[in-house]
Amino acid sequence: MALIAALLPDRLDREALRNAAPPHQVVWADSWRELYRLVRKQPVAAAVADIHAEDRKDGVLRVYRFAQRFPITPLIVWGELDGRELFRLGKAGAWEVVPSRDADDRYLVGEIVRSALNGGLAPLVDARLRGVVGEDGRALVRFAAERIPEQIQVPDVAEAHGMSVSTLERRCERWGLPTPGRLLLWLRVLYGLRWLLEPGRSVESVAYQLGYSSGAAFRRAIKATIGGRPSPLRSEQGLDRALDLFLSECPGDGVYQRLTATG
Amino acid sequence: MPERGNAFPAWLALGDLEGRERDAELGRRARLRFLALRPVHRLLGQGIDRVPVDSYERQIEGVREELGHLSARDPERAHLANFLHRIRERTPTALVSATIEMGEAIESAGHYRAAEEYYLTALELAEMCGLGHDQTTALRLLGRVLRKAARWDEAERYYREAIRRSEEMGQRQQWARAMDGLAIAYWYQGAYPKARGMLEEVLKRGREWRDDFVVATALNSLCVAALTAGDLEQALEYGWTAVRLVQEGEEQNPILGNLGRAFAQLGLYAAAEHCYAMILARSTDLVTRNQAAADYALVAAEAGNAEAFRERRAALMATEDQWRYEPWSSTYIHLHIGRGCVLIGDVDDAREHLRKAIKLAEKNRYNEQLIRAEETLGLLEAAAEGIRPAPAAVERPGAVAVRIASEVEAYSAEALAPASS
């Protein structure tokens, strides 16, 4: 379950987000300053803000500052938005927008929240696996990567694919992937490392976000996969190295590789 | 401007606001284009079958209710209403074709960023759903809109991809259109031999395939090329051959427009009038009709027929509600009517039209029209101070031009004759 920080002064808007957010949890801020504080201190995976939340303040400028400070935390902008504001919001780095008239459609808002929570890691890992692992294997990895914020476990993955855990293990072997448990461990670590790229994020905050009981538990997971401490990995190169190591544990589907070679 | 992939879905549909953020009217228009495309992006992101029908319909209905922000006579309102109606169908073909057509409507208003976003969305949808023919169309239209925005390298890349794919799929007409578009791009960049070479290749292949559409496509562009190069008789030969190869109707109109311009430059005003009259009588496309109506009026002034010019001008102004919301047409009409007023000596009217044309061209960044309007207004002001410009030279028509003019007149009489019972 992921944590979402929200700045929505209007009661109906809060209700709308509350209806659309499950299974994720929402913490509320009452000012932009409070929103920044929540994102810095708590394991927040995405933020939602009404750009008209504070009178006499340029909401778009606040969005720009947020995106500069927290480049990896997606910010969904909410509110009555005119053409100029929408244009400026795109330039300011807003992740997505929820125009007021769509706010009470919980399916639509739910989709937007999910896309914000899932946007980062899945495409990154998928791009690395392309050409190594076949389409079925990659679909499984994408599915799992998108649900890391929901703290997905191996039985959940098996159930979602309509198979038993042991069948899932055999499939992973056939597709040239690590065992399902190891795959989820890797994805959690990669997810966490990506968050650590953001200035001000602590290892503890990221660990909680991933469902670990403490920062130490997350450090142990890093040691079990990459073999070191998280600090040297807090850079784009560190994440790159981690992705390379993950890839070395994915031999891939031989049939797929042969097809690629001959095709 | 952030790259498209780094902004939220459909954001590029607002991109024409760059440098014009305070234009409230454009802001309203851009917002509706953005909101209308969001449901399609939603299907693209989630998968067509995964978006609940109720929620999708509700999202579309919400945009439809906001169309009232545009005037009831604004053609874009009807285009958007039609687009929203068609995407309700949720079939890949309906979605892609509606998105492409909406992109073309936006492109014709001169808003290239929004048009680009619509074409890119159509391309992504066509790729997702495996619609090969639509992929080629979207690629070619991307080439065209980027060419119009003078983003040459990107335009060439899309055109080349459209050429490659249409060749692979055996889509001869798509191939010819893409080759033609790329040749025009080369032409605009001054690479005349390269452009001519491509058009001649299209012509050669069209003749080998005995495909009239392909041959006519090449001939029409060769006509434009000859017209630009000042080789008017050659332009008439190419254009007149092309007219007779394509089916009567909308496809003929751009070629007839080019023929009209060549005739007018040769002083064969009656033949030019016939060309424009045919377009006016047969075209259902508003932009084409508006352009032809302005040309039709101007040619009367060029022929020195002040009375006919004033009548045609009055008729055009009486229907202003039909074109005032379409910025490209509006600029074109004010520029051409302004030029006509200069020619017949209606100085005050000329000044008013040219100033309106300049204002519109500046606002919408129609650089070519802006230059021409400023130039004409400059000549008008100079004339008011007693400086008389040299009269524009009119070429003497040769035998070929005279022959084609008489053939056009006969063709026009037949085409415009009421159907006999």
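Structure's up top.
This report concerns the structure included in the present document. (Residues numbered from 1 in each chain as written. Chains lettered and ligands numbered in written order. Predicted model: local features only at pLDDT ≥ 70, side-chain atom pairs only at ≥ 80, totals over all residues. Heavy atoms only, no water.)

**Concerning the overall build of chain A**
Assigned secondary structure in chain A consists of 14 helices and 5 strands. For a compact globule of 263 residues, the expected C-alpha radius of gyration is about 18 Å, and chain A comes in at 20 Å, within 12% of that figure. Each of the three principal axes of chain A carries a C-alpha extent, and together these read 60 × 35 × 35 Å. Taking all 263 residues of chain A together, the buried fraction comes to 54%. Working note: accessible area of chain A is about 11,700 Å², and carbon and sulfur atoms make up 48% of it. (Helix = DSSP H or I, 4+ residues; strand = E, 2+ residues; numbered from the N terminus. Rg over C-alpha atoms; globule rule 2.2 N^0.38 Å. Buried < 20%, exposed > 50% of the residue type's maximum accessible area, 1.4 Å probe, protein only. Areas by Shrake-Rupley, 256 points an atom, 1.4 Å probe, with all protein chains shown as cover.)

**Focus on the nonpolar core**
One recurring pattern in soluble globular proteins is that nonpolar side chains are buried together. Core analysis: the biggest nonpolar cluster contains 136 residues, and Leu89 of chain A together with Phe83 and Phe263 of chain B have the highest contact counts within it. Once residues within four sequence positions are removed from consideration, Phe83 of chain B is found in contact with Ala36, Leu37, Val40, Ala98, Thr99, Met102 and Tyr118 of chain B. (Core = buried A, V, L, I, M, F, W, Y, C linked by side-chain atoms within 4.5 Å. Contact = heavy atoms within 4.5 Å.)

**Notes on the packing of aromatic side chains**
Taken as a whole and judged by the stated rule, the model has 15 aromatic pairs over all chains. Centre to centre, the rings of Phe66 of chain A and Phe70 of chain A are 5.1 Å apart; their planes meet at 55°, and the pair counts as tilted. Each of the two residues, Phe66 of chain A as well as Phe70 of chain A, counts as buried. Aromatic pair Trp186 of chain A and Phe246 of chain A: ring centres 5.6 Å apart, planes at 55°, arrangement tilted. Residue Trp186 of chain A is found in helix H10 (residues 180-196), and its partner Phe246 of chain A is found in helix H13 (residues 236-248); the two are separated by 60 residues along the sequence. By relative accessible area, Trp186 of chain A is classed as buried at 0%. One residue, Arg324 of chain B, lies across the ring of Tyr325 of chain B, its end atom 5.6 Å from the ring centre. (Phe/Tyr/Trp six-rings, centres within 6.5 Å; stacked < 30°, edge-to-face > 60°. Lys NZ or Arg CZ within 6 Å of the ring centre and 35° of its normal.)

**Let's talk about the sheet that holds strand E2 (residues 25-28) of chain A**
Residue and element names in this part refer to chain A. One open sheet holds the 5 strands; their spatial order is E2-E1-E3-E4-E5, and the pairing between them is parallel. Each of the sheet's edge strands pairs with one partner strand only, and the pair in question is E2 and strand E5 (96-99). Within this sheet the neighbouring strands show an average axis-to-axis angle of 25°, counted without direction. The pairing of strand E1 (residues 3-7) with strand E3 (residues 44-50) spans 5 bridges and is parallel. Following the sheet pairing, Leu3 is matched in E3 by Val44. (Pairing = 2+ DSSP bridges. Axes fitted to C-alpha atoms, helices over the stretch in contact; angles between N-to-C directions.)

**Notes on unusual backbone geometry**
Residue and element names in this part refer to chain B. At Arg90, a residue that is not glycine, the phi angle is positive and equals roughly 60°. With respect to the secondary-structure elements, Arg90 resides in the loop between helix H3 (75-87) and helix H4 (92-108). If you check the backbone angles, Arg210 has positive phi at about 55° while not being a glycine. Examined against the element boundaries, Arg210 turns out to sit in the loop between helix H9 (192-209) and helix H10 (212-228).

**Some details on the state of the cysteines**
Across all of its chains, the model carries 0 disulfides over all chains by this definition. No disulfide involves Cys172 of chain A; its sulfur sits 9.6 Å from that of Cys250 of chain A, the nearest cysteine. The exposure class of Cys172 of chain A is buried, given its relative accessible area of 1%. Here Cys275 of chain B is not disulfide-linked; the sulfur of Cys223 of chain B is the nearest cysteine sulfur, at 10 Å. (Disulfide = S-S within 2.5 Å.)

**Focus on the environment of Ala29 of chain A**
Residues and elements named next belong to chain A. Tracing the backbone through its elements, the reader meets Ala29 in the loop between E2 and helix H2 (32-41). When its relative accessible area of 2% is taken as the criterion, Ala29 is described as buried. Considered as a pair, Ala29 and Val48 are 19 residues apart in the sequence and their alpha carbons are 9.8 Å apart.

**Some thoughts on the pairing of strand E4 (residues 75-79) of chain A**
All names here are of chain A. When you tally the buried positions in E4, you get 5 out of 5 residues, the bulk of the element. Every second residue of E4 is oriented toward a common face, with Leu75, Val77 and Gly79 on one face and Ile76 and Trp78 on the other, all of them buried. Each parallel crossover has a hand, and the one from E3 via helix H3 (residues 59-69) to E4 is right-handed. In the sheet, E4 pairs with E5 via 4 bridges, with the strands oriented parallel. Its bridge partner being in E5, Ile76 is matched across the sheet by Glu96. (Right-handed = clockwise from strand over helix to strand, strands pointing away.)

**Here's the deal with the interface of chain A and chain B**
One widely used convention gives an interface's size as the accessible area the parts lose upon coming together. Taken together, the contact between chain A and chain B spans 24 residues of the former and 27 residues of the latter. When the area that chain A buries against chain B is broken down by residue, the three leading residues are Arg84, Phe87 and Arg101 of chain A, summing to 31%. Linking chain A with chain B are 6 salt bridges. Linking chain A with chain B are 10 residue pairs in polar contact (both at pLDDT 80 or more), by the criterion used here. Of all the secondary structure elements, the ones that give two or more residues to the side of chain A that touches chain B are helix H4 (83-92), E5 and helix H5 (106-118) of chain A. Examining the composition of the side of chain A that touches chain B, we find that 8 residues originate from one element, H4 of chain A, more than from any other. For the side of chain A that touches chain B, a count of residues per class yields 11 nonpolar, 2 polar and 11 charged. (Buried area = accessible area lost by both parts, 1.4 Å probe. Salt bridge = Lys/Arg side-chain N within 4 Å of Asp/Glu carboxyl O. Polar contact = N/O pair within 3.5 Å; in protein donor to acceptor, adjacent residues only side chain to side chain. Nonpolar A, V, L, I, M, F, W, Y, C, P; charged D, E, K, R; others polar.)

**Some thoughts on helix H14 (residues 286-302) of chain B**
All names here are of chain B. The end-to-end C-alpha distance of H14 is 24 Å, a good match for the 24 Å that 17 residues give at a rise of 1.5 Å each. Of the residues making up H14, those classed as buried are Val287, Asn290, Ala292, Ala293, Ala294, Asp295, Ala297, Leu298, Val299, Ala300 and Ala301. Taken together, the buried residues of H14 touch H4, helix H12 (253-265), helix H13 (269-282), helix H15 (306-318), helix H16 (320-323) and helix H17 (327-344). In the segment just after H14, Gly304 is the residue with positive phi, at about 85°. (Expected span 1.5 Å × (residues − 1).)

**Here's the deal with the packing of H12 of chain B against H13 of chain B**
Residue and element names in this part refer to chain B. In the contact formed by H12 and H13, the axes pass within 7 Å of each other and the chain directions differ by 160°. Comparing their axes, H13 and H12 come out roughly antiparallel. The way H12 lies across H13 gives a crossing that is left-handed. Along its contact with H12, which presents Asn253, Leu256, Gly257, Leu259, Gly260, Arg261, Phe263 and Ala264, the element H13 presents Tyr269, Ala271, Ala272, Cys275, Tyr276, Met278, Ile279 and Arg282. (Parallel < 35°, antiparallel > 145°, perpendicular 65-115°, else oblique. Left-handed = near helix turned anticlockwise from the far one by under 90°.)

**Remarks on the pattern of salt bridges**
The tally for this structure, following the rule as stated, stands at 59 salt bridges over all chains. For Glu21 of chain B, the salt bridge identified is with Arg84 of chain A, shortest N-O distance 3.7 Å. Of this pair, Glu21 of chain B sits in the segment before helix H1 (24-46) while Arg84 of chain A sits in helix H4, which puts the two residues in different chains. Note that Glu66 of chain B and Arg101 of chain A form a salt bridge whose closest N and O atoms lie 2.9 Å from each other. Of this pair, Glu66 of chain B sits in the loop between helix H2 (53-65) and H3 while Arg101 of chain A is found in the loop between E5 and H5, placing the two residues in two different chains. The class of Glu66 of chain B is buried, set by a relative accessible area of 11%. For Arg101 of chain A, a relative accessible area of 24% translates into the label partly exposed. Salt bridges sharing partners connect three or more residues here, namely Asp126, Arg130, Glu135, Arg138 and Arg142 of chain A.

**Quick look at the side chain of Asn220 of chain B**
Note on placement: Asn220 of chain B falls in helix H10. For Asn220 of chain B, the residues in contact, after removing those within four places along its chain, are Ala242, Ile255 and Asn258 of chain B.

**Here's the deal with the pairing of E5 of chain A**
Of the two faces of E5 of chain A, the one lined by Glu96 and Val98 of chain A and the one lined by Val97 and Pro99 of chain A are each fully buried. Handedness of the crossover joining E4 of chain A and E5 of chain A through H4 of chain A: right-handed.

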